[in-house]
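# Working through the structure, step by step
Listed below, chain by chain, are the residues.
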Amino acid sequence: NAGVTQTPKFRILKIGQSMTLQCAQDMNHNYMYWYRQDPGMGLKLIYYSVGAGITDKGEVPNGYNVSRSTTEDFPLRLELAAPSQTSVYFCASKNRDTGELFFGEGSRLTVL
Amino acid sequence: AQSVTQLDSQVPVFEEAPVELRCNYSSSVSVYLFWYVQYPNQGLQLLLKYLSGSTLVKGINGFEAEFNKSQTSFHLRKPSVHISDTAEYFCAVSIRSGTYKYIFGTGTRLKVLA
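Residues numbered from 1 in each chain as written. Chains lettered and ligands numbered in written order. Predicted model: local features only at pLDDT ≥ 70, side-chain atom pairs only at ≥ 80, totals over all residues. Heavy atoms only, no water.

With that settled, the discussion passes to the overall build of chain B. A count of helices and strands for chain B gives 0 helices and 12 strands. Dimensions along the principal axes, computed over C-alpha positions, put chain B at roughly 45 × 30 × 20 Å. Across the 114 residues that make up chain B, the buried fraction comes to 46%. In chain B, the proportion of contacts linking residues at least 24 apart, taken out of those at least 6 apart, comes to 57%. (Helix = DSSP H or I, 4+ residues; strand = E, 2+ residues; numbered from the N terminus. Buried < 20%, exposed > 50% of the residue type's maximum accessible area, 1.4 Å probe, protein only. Contact = heavy atoms within 4.5 Å.)

Throughout the structure, instances matching the rule amount to 2 disulfides over all chains. Each disulfide pairs two cysteine sulfurs, and for C23(A) the partner residue is C91(A), the sulfurs being separated by 1.8 Å. The sign of the -70° torsion about the S-S bond sets the C23(A)-C91(A) disulfide as left-handed. Of this pair, C23(A) sits in strand β3 (residues 19-25) while C91(A) is found in strand β9 (residues 87-94), placing the two residues 68 residues apart along the sequence. There is no split in this pair, since C23(A) and C91(A) are both buried. Residue pairing for C23(B): its cysteine sulfur links by disulfide to C91(B), the two sulfurs lying 1.9 Å apart. Handedness of the C23(B)-C91(B) disulfide follows from its S-S torsion of about -65°: it is left-handed. With a gap of 68 residues between them, C23(B) in the loop between β3 (19-21) and β4 (24-26) and C91(B) in strand β10 (residues 87-95) connect regions that are remote in the sequence. (Disulfide = S-S within 2.5 Å.)

Turning our attention to the sheet that holds strand β7 (residues 64-66) of chain A. Residue and element names in this part refer to chain A. Spatial strand order, β1-β3-β8-β7: 4 strands in an open sheet with antiparallel pairing. Each edge of the sheet is formed by a strand with only one pairing partner; in this case those strands are β1 (4-7) and β7. Shown here is a sheet whose adjacent strand axes are inclined to one another by a mean of 20°, direction ignored. As paired strands, β7 and strand β8 (residues 76-78) are joined by 3 bridges and run antiparallel to one another. Looking at the pairing, Y64 lines up with L78 of β8. (Pairing = 2+ DSSP bridges. Axes fitted to C-alpha atoms, helices over the stretch in contact; angles between N-to-C directions.)

It is common to give the size of an interface as the accessible area that goes away when the parts come together. Across the boundary between the two partners, chain A contributes 21 residues, which contact 19 residues of chain B. Here chain A meets chain B over a buried area of about 1,600 Å², counting both sides, of which 58% is carbon and sulfur. Broken down residue by residue, the surface that chain A buries against chain B is led by L43(A), T98(A) and F103(A), which jointly contribute 24%. Taken together, the links from chain A to chain B amount to 0 salt bridges. Applying the counting rule to chain A against chain B returns 3 residue pairs in polar contact (both at pLDDT 80 or more). Listed by contribution, the elements that provide at least two residues to the side of chain A that touches chain B are β4 (31-37), β5 (43-51), β9 and β10 (101-103) of chain A. Here the element with the most residues in the side of chain A that touches chain B is β4(A); it accounts for 4 residues. (Buried area = accessible area lost by both parts, 1.4 Å probe. Salt bridge = Lys/Arg side-chain N within 4 Å of Asp/Glu carboxyl O. Polar contact = N/O pair within 3.5 Å; in protein donor to acceptor, adjacent residues only side chain to side chain.)

On to the environment of Y32(B), then. All names here are of chain B. Relative to the assigned elements, Y32 resides in strand β5 (residues 31-38). Looking at Y32, the relative accessible area reads 18%, which means it is buried. In this structure the C-alpha to C-alpha distance between Y32 and K101, which are 69 residues apart in sequence, comes to 11 Å. If sequence neighbours within four positions are ignored, Y32 has contacts with Y50, L51, A92, V93, S94, I95 and R96.

Applying the stated criterion to the full structure yields 15 aromatic pairs over all chains. Among the aromatic side chains, those forming a connected cluster through ring pairs are Y33(A), Y35(A), F90(A), F103(A), F34(B), Y36(B), Y102(B) and F104(B). We note K94(A) situated over the ring of Y31(A); from NZ or CZ to the ring centre the distance is 4.5 Å. (Phe/Tyr/Trp six-rings, centres within 6.5 Å; stacked < 30°, edge-to-face > 60°. Lys NZ or Arg CZ within 6 Å of the ring centre and 35° of its normal.)

Residues L33(B), W35(B), L47(B), L48(B), F74(B), L76(B) and Y89(B) are the most contacted members of the largest nonpolar core, which totals 28 residues. Taken together, the elements giving at least two residues each to this core come down to β2 (10-14), β3, β5, β6 (44-50), β8 (64-68), β9 (73-78), β10 and β12 (108-113) of chain B. Ignoring any residue separated from it by four or fewer positions in sequence, one finds L33(B) in contact with Y25(B), L48(B), K49(B), Y50(B), F67(B), F74(B), A92(B) and V93(B). The next biggest cluster of nonpolar side chains, apart from the first, holds 20 residues, and it includes L45(A), Y32(B), L46(B) and Y102(B). (Core = buried A, V, L, I, M, F, W, Y, C linked by side-chain atoms within 4.5 Å.)

Looking now at unusual backbone geometry. Residues and elements named next belong to chain A. Of note, the bond from T7 into P8 is cis; its omega dihedral lies within 30 degrees of zero at -5°. In this fold, P8 is placed in the loop between β1 and β2 (10-13). The phi dihedral of N28 is positive, around 60°, even though this residue is not glycine. Within the secondary structure layout, N28 lies in the loop between β3 and β4. Judged by relative accessible area, which is 58%, N28 ranks as exposed. Notably, L80 is not glycine yet its phi reads approximately 50°, a positive angle.

Right under this line is the structure:
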């Protein structure tokens, strides 16, 4: 029972570098989400997807991109990393019947 | 538009004491309600949910919550807390119509003191 798997768990980037956060789920959920969590700010939605080939922006999409070529995978791309993107990133998928979100363990990103 | 307000950012409580974490929401349409818990350096996991039916919902680890439609609240309670309950707790709403929308509160940090 893997659930939602995120990699890497930790990463340090220099300003201007790019990277991809990987997310995979094995529950056949159509809905998937990327959130960022900053201290005292709760969770902010970056991008979401309602199925393979369909993605859309959330509240804070600037500086990020996503793709959804399969039901299982939902990678998040950071282009030209900035210190403001220092955060903990969570991927989640939703059981459409119960509404429950299943989260990965998070990816802690530091941009210096 | 929907919103979720968690009135307390931090709640300190002594071990074996009762605790209530408050959550109020605003929505013009029917919603599902959730409480998630986040232990240090981990992702969020579901504590309990209200979809329909009985307004008193029981979850894992002895927590329960009551849906109050007239007061648009979904407060989380536990009659006796343990040190291991120290964590951050998030209230969330999801629109019943099945859209993507899932709104989180800013979280309440519960600190259980020995």
